[in-house]
Amino acid sequence: MGVNSSFPESSQQVARAAFSRLAHAYTVSDTDINVRDKKKKASKFATLRKKLTRTRRHSRSLDYGKALRDLTASWSLAEVKALIQEYEALVSLKELALAANLARPVASSFRQDLSNLFDKKFSSDVDLVYRGACFPAHRALLSMRSPYFRNLLSRYPDFNMQVAINFRTVGVDVTLFASLLRYLYTDSINTEDLKHEHKKVLIKLVEEFGMPNPLEQDLRNLLDTGDYRDAVLVFSCDLATDMSDSMSASMTESCTSNDFPCKTTQHELYCHKAILAARSPFFRNLLLRRARSGEEITDRTLNTPTRIVLDESVIPRRYARVLLNAIYQDTVDLSLILRGSASMCSLSEAQAIVAGKGQMTIVDEAMEVYQIGQFLDFPILSQGCEDIIIEHINLENLISILSWSSEPHGSQWVHRQALHYLTEEFLQVVHSPVLFELNKEYLIEALSSDFLQAGELDVLTAVLKWGEHQLIRRIEEREPNLLSHTTHSISKKGVKKRDLNDIELRDILAELLPLIRVDHIIPYNNDVLNSAIKRGLVSTPPSHMLGDDTPGGQRVCAWIRSKHNGMYTRPRIFLPYFEEAKSMRDEFLSQGQDSDTGRVRTIQMSAIPDTLYMVDEAQYPAGHKGLTSSSTVDIIAGTIPVPDSNTLKLMMQREAELQSTKLCQRAYGLPYSDRRAINCQVQLRTVREFGMPDITIEILQNSQMYYPNSESVPASLQLKQGRYYQSPGRQKSSPSLSRHSRGSPSKPVAPVTPTRIQPNRSKETNTSPCSESALSDIMPDIAMATSSMGQVRVHEEFELDIGDGSSHLGTMYI
């Protein structure tokens, strides 16, 4: 029993080194992803993030800089700095929006799935008995991982046999044996569950067990060699039932020309039931049904592998090796596709032949493999295909990716990345034929974004070009072609602008024109803007055309909120403008100008949301209202999935964790940050990480309405119902106010009536849930209310009268 204590010192060092790898290099908890997986996924994420956020050089960058310099020629240093603060707030919000767009549920790795297989005992085929405890296990995994089990199990080849385990090493109890089995399944061991003396025993067991290869390598060997196989995937199809007569005839001719009768051709690949059951719920349920029906006993009796027949119209054989490689290795390698094989009988291949299409692109193939991953409920495969699609996105396939991802069977994650690509590469889209292929919905999404990388003059030009193209298409549809099967006569002779009906053009652009921020179109004296105004396409002229007593006053008012008189419109974060503004600031400072000269009063918006509840809900955009009657109907109809209380608790904890990150705290601390927009992006990221639709953020915003008496949600998280979080940059905090339940008893107190100032309505055109339009409209009232109540010390319930005709109950804590 003590043989391991007498082997040479060099062998002891090898054993200790092996145990070091066993006990330390793979020491993670059962729920954590392996360190190597984290690095691999982090590198992929970093590459994708870099692709989506890479700095782009604009061919007209000098023109953009000159236009901004002409605009700000008469501005003071304080006004330029105020504009930079606007841009900095948008840059921070853009980073949060990018993180929210990239968010999706984390796909489980093969280590996590095999750990679940060990716990749930799916498709086990051998029972290991140790000290009276029975451990259902899987012969193929144990034989490939350990020479000890390979030799032992080879003596017991029958199905579901009970195999007694005996060790020469002393001190291996049931707990340690279970940890060893888990290590063979996951390549990781949790030393926290082991006693101190177990670590010494582990060093001795290394010699007796043999040191296994890395799990990834052993799974690769299982796939390549087919050793210990007990299942076979069979790909088969029947063209007579899957296709129409013409399609079947075309494919039959194609196949017979290569001496391969399609109807009888089958493609088989050997695999292992334990791996299939661990990785895919589809295969797991299929194998469980076969076991209950007795088919598995028949296969074992005949000593034949279990045949799993797959319909090629759903899972084409050309993707078989891609599927198995993802199952065994967690990687999606489209180079394994069987391209050009004459034996392929998939419906997609047949449709391509009939339609006369050429060779499929890698994006088309990734879209098909994505559907397979969704069908098999295999997230690793689906998410790998999503990454491939976005890595290969360009102007040529942008429209097809947007169209596919917007379909019910498409990927919402890909759709978000494609829209982000559209906003980042909008200048290239404007100068390419892709502009005319865009649907109006995609244009509305792009023009509604504060992060659109284009000047407003480019935006106006693009909208007019797109609208005129749509109008010409309407004319072609109304007027018949003079010669059939030829280019339309109108397209040949062309259409002059004076022949276009401006009224009809205005109707086409009715939803797009309000999204153009005309006050930010620079340079002001340009033919495109003047022509659009003369044609009646721009109903409201920009503010600089309305006149002002102060030279350049209206121009400043439209760009800087601290001086606006109803003219302010939030600028887009267009990088050439941002860089030019910083360059101008540096020039001011290099000239030794005092930064306090002509100071512009800035409003610390992060101090505003303390009293947001005092504002009538009618002033908020629809996306930020509380639970309305229509929302209740959505809940009842099931369109908004309501998570259980435990999931809600995890979601709120995740939201609080994201709120405390440096990125969020920096965004909160900026002078012109919009807290509601920041919270919206954090909530979007949270619900997307949990695999829920975006509308589920209403659950986070109104959790008390869904779980009024929930004990599983911590009180500290329930207090965040007001969605206000303290910023570390604030030196002086305003009173914290929270709503009091109307059904609870209260003590009468004298009402506090804050001084009310008539607000100046802003010209915000962005009405998205994350916009700050409503906040900008009501900001002066709230700022005054916060100031006037700064010295009040009340600890009971009070009723506020802010002059809007409705009462507001709450409790003030100082």
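For clarity, every value in this text was computed on a predicted model and none was experimentally measured.

Concerning the packing of helix α21 (residues 412-424) against helix α24 (residues 440-447)
Part 1 of the reasoning: Between α21 and α24, the least distance of the axes is 9 Å, while the angle of their chain directions is 70°. Between α21 and α24, the angle falls in the class roughly perpendicular. When the axes of α21 and α24 are compared, the crossing they make is right-handed. Counted together, His-415, Leu-419, Leu-422 and Thr-423 of α21 and Tyr-442, Glu-445 and Ala-446 of α24 form the full contact between these two elements.
Part 2 of the reasoning: Among the residues forming the contact of α21 with α24, the class breakdown is 4 nonpolar, 2 polar and 1 charged.

Let's talk about the pattern of salt bridges
Part 1 of the reasoning: A full pass over the atoms with the stated rule returns 29 salt bridges.
Part 2 of the reasoning: The shortest N-O distance in the salt bridge between Asp-694 and Arg-688 comes to 2.8 Å.
Part 3 of the reasoning: Overall, Asp-694 belongs to the partly exposed group, its relative accessible area being 33%.
Part 4 of the reasoning: By relative accessible area, which is 8% here, Arg-688 ends up buried.
Part 5 of the reasoning: Bridged by salt links that share partners, the residues Arg-654, Glu-657, Arg-685 and Glu-689 form one connected network.

Looking at the sheet that holds strand β3 (residues 161-164)
Through backbone hydrogen bonds, the strands of a sheet pair up, either in parallel or in antiparallel fashion.
Part 1 of the reasoning: Ordered in space as β2-β1-β3, the 3 strands form an open sheet in which the pairing is mixed. The sheet is open, and its two edges are formed by β2 (133-137) and β3, each paired on a single side. Geometrically, the sheet is characterised by an average inter-axis angle of 30° between neighbouring strands, direction not taken into account.
Part 2 of the reasoning: Two elements, strand β1 (residues 126-130) and β2, share 5 bridges in a ladder whose sense is antiparallel. Note that in β2 the partner of Asp-127 across the bridge is Pro-136.

Observations concerning the nonpolar core
Part 1 of the reasoning: Grouped together as the largest cluster of nonpolar side chains are 170 residues, with contacts concentrated most on Leu-128, Phe-149, Ile-165, Phe-177 and Trp-559.
Part 2 of the reasoning: Sorting elements by how many residues they give to this core places helix α4 (residues 77-102) first, with 13 residues.
Part 3 of the reasoning: Leave out the neighbours within four places in its chain, and Phe-177 touches Leu-128, Tyr-130, Phe-135, Phe-149, Ile-165, Phe-167 and Val-172.
Part 4 of the reasoning: The next biggest cluster of nonpolar side chains, apart from the first, holds 12 residues, and it includes Ile-640, Met-651, Met-652 and Ile-697.

Remarks on the packing of aromatic side chains
Part 1 of the reasoning: Applying the stated criterion across every chain, the model contains 15 aromatic pairs.
Part 2 of the reasoning: With a centroid separation of 6.2 Å and an interplanar angle of 80°, the aromatic rings of Tyr-64 and Tyr-577 are classed as edge-to-face. Note that Tyr-64 is positioned in helix α3 (residues 61-71) and Tyr-577 in helix α30 (residues 575-590), a separation of 513 residues in sequence. Exposure class is identical for Tyr-64 and Tyr-577. Each is buried.

A short note on the sheet that holds strand β6 (residues 306-311)
Part 1 of the reasoning: Read across the open sheet, the 3 strands follow the order β5-β4-β6; overall the sheet is mixed. Only two strands of the sheet have a single partner each, and these edge strands are β5 (267-271) and β6. Ignoring strand direction, the axes of neighbouring strands in this sheet form an average angle of 25°.
Part 2 of the reasoning: Of the pairings in the sheet, the one linking strand β4 (residues 231-236) to β5 comprises 5 bridges and is antiparallel in character. Counterpart to Val-232 in the pairing with β5 is Tyr-270.
Part 3 of the reasoning: Against the sheet, helix α14 (residues 281-293) contacts β4 and β6, and its axis sits at roughly 130° relative to β6.

Quick look at the confidence of the model for the protein chain
Part 1 of the reasoning: Looking at the protein chain as a whole, its pLDDT mean stands at 74, while 63% of the residues score no less than 70.
Part 2 of the reasoning: A low-confidence stretch, residues 595-600 stays under pLDDT 50, and its non-local contacts, those more than four residues away or across chains, total 10 contacts.

Let's talk about the packing of α4 against helix α34 (residues 675-689)
A packed helix pair is summarised by two numbers, namely the angle formed by the two axes and the spacing between the axes.
Part 1 of the reasoning: Between α4 and α34, the least distance of the axes is 8 Å, while the angle of their chain directions is 15°. Taken together, the axes of α4 and α34 are roughly parallel relative to one another. Viewed along their axes, α4 and α34 form a crossing whose handedness is left-handed. From α4, Leu-93, Leu-96, Ala-97, Ala-99, Ala-100 and Asn-101 reach across to α34, where they touch Ala-677, Ile-678, Gln-681, Leu-684, Arg-685 and Arg-688.
Part 2 of the reasoning: When grouped by side-chain class, the residues that make up the contact of α4 with α34 number 8 nonpolar, 2 polar and 2 charged.

Things to note about the side chain of Asp-218
Part 1 of the reasoning: Tracing the chain through its elements places Asp-218 in helix α10 (residues 215-225).
Part 2 of the reasoning: Look at Asp-218 and you get buried, because its relative accessible area is 2%.
Part 3 of the reasoning: Residues in contact with Asp-218, not counting those within four places in the same chain, are Met-144, Arg-145 and Asn-213.

A look at the side chain of His-138
Part 1 of the reasoning: Topologically, His-138 is positioned in the loop between β2 and α6 (139-145).
Part 2 of the reasoning: Looking at His-138, its side chain comes within polar contact range of the main-chain oxygen of Phe-122, at 2.4 Å.
Part 3 of the reasoning: Dropping the residues within four chain positions of it, His-138 is found in contact with Leu-117, Lys-121, Phe-122, Ser-123, Ser-124, Asp-125, Val-126, Tyr-185 and Ala-274.

Observations regarding the environment of Val-369
Part 1 of the reasoning: As for its position among the elements, Val-369 is in helix α18 (residues 362-375).
Part 2 of the reasoning: For Val-369, a relative accessible area of 2% translates into the label buried.
Part 3 of the reasoning: Sequence spacing of Val-369 and Pro-316 is 53 residues, and the spatial spacing of their C-alpha atoms is 9.3 Å.
Part 4 of the reasoning: Among residues more than four places away in sequence, those in contact with Val-369 are Tyr-319, Val-322, Leu-334, Leu-381 and Cys-385.

Some points on the environment of Ile-699
Part 1 of the reasoning: Inspection of the secondary structure puts Ile-699 in helix α35 (residues 697-701).
Part 2 of the reasoning: Classification of Ile-699 as buried rests on a relative accessible area of 0%.
Part 3 of the reasoning: Through-space distance from the C-alpha of Ile-699 to that of Val-687 is 9.6 Å; in sequence the pair is 12 residues apart.

Notes on α34
Part 1 of the reasoning: Compared with the 21 Å implied by 1.5 Å per residue over 15 residues, the 21 Å span of α34 between its first and last C-alpha is a close match.
Part 2 of the reasoning: A side-chain oxygen of the first residue of α34 lies 3.2 Å from the backbone nitrogen of Arg-676; this N-cap is Asp-674.
Part 3 of the reasoning: With its phi angle positive at about 75°, Gly-691 sits one or two positions after the end of α34.

Calculation criteria
- Counting of residues starts from 1 at the beginning of each chain's written sequence and follows it residue by residue.
- Whole-chain, interface and lining totals are the exception, using all residues; otherwise, since this is a predicted model, local features are given only for residues with pLDDT of at least 70 and side-chain atom pairs are given and counted only at 80 or more.
- Hydrogens and waters are ignored; side-chain quantities use all the structure's heavy atoms.
- Axis definition: a line fitted to C-alpha atoms, limited for helices to the stretch in contact. Angles are taken between N-to-C directions and run from 0 to 180 degrees.
- Going along the chain from the N terminus, every DSSP run of H or I of four or more residues is numbered as a helix, and every run of E of two or more is numbered as a strand.
- Roughly parallel here means an angle under 35 degrees, roughly antiparallel means over 145, roughly perpendicular means 65 to 115, and every remaining angle is called oblique.
- Note on convention: near helix rotated counterclockwise from far helix by under a right angle means a left-handed crossing. Clockwise means right-handed.
- What makes two residues a contact is simply this: any of their non-hydrogen atoms within 4.5 Å.
- Under this grouping Gly is polar, as are all residues other than the nonpolar Ala, Val, Leu, Ile, Met, Phe, Trp, Tyr, Cys and Pro and the charged Asp, Glu, Lys and Arg.
- Only one rule defines a salt bridge in this text: a Lys or Arg side-chain nitrogen within 4 Å of an Asp or Glu carboxyl oxygen.
- Each residue is assigned to one of three classes by its accessible area relative to the maximum for its type, calculated with a 1.4 Å probe on protein chains only: buried under 20%, partly exposed between the two thresholds, exposed over 50%.
- Whether two strands pair comes down to DSSP finding at least two bridges between them.
- Buried Ala, Val, Leu, Ile, Met, Phe, Trp, Tyr and Cys residues form a nonpolar core when they are joined through side-chain atoms within 4.5 Å.
- Any two rings among Phe, Tyr and Trp, with Trp reduced to its six-membered ring, count as a pair given centres within 6.5 Å; such a pair is stacked if its planes are under 30 degrees apart, edge-to-face if over 60, and tilted if neither.
- A residue's pLDDT is the predictor's confidence in that residue, given on a scale from 0 to 100.
- As used in this structure description, the phrase polar contact means that two N or O atoms lie within 3.5 Å; if the pair is within protein, one of them must be able to donate a hydrogen and the other to accept it, and residues adjacent in sequence are counted only when both atoms belong to side chains.
- In this analysis, the expected span of each helix is defined as 1.5 Å times one less than the number of residues it contains.

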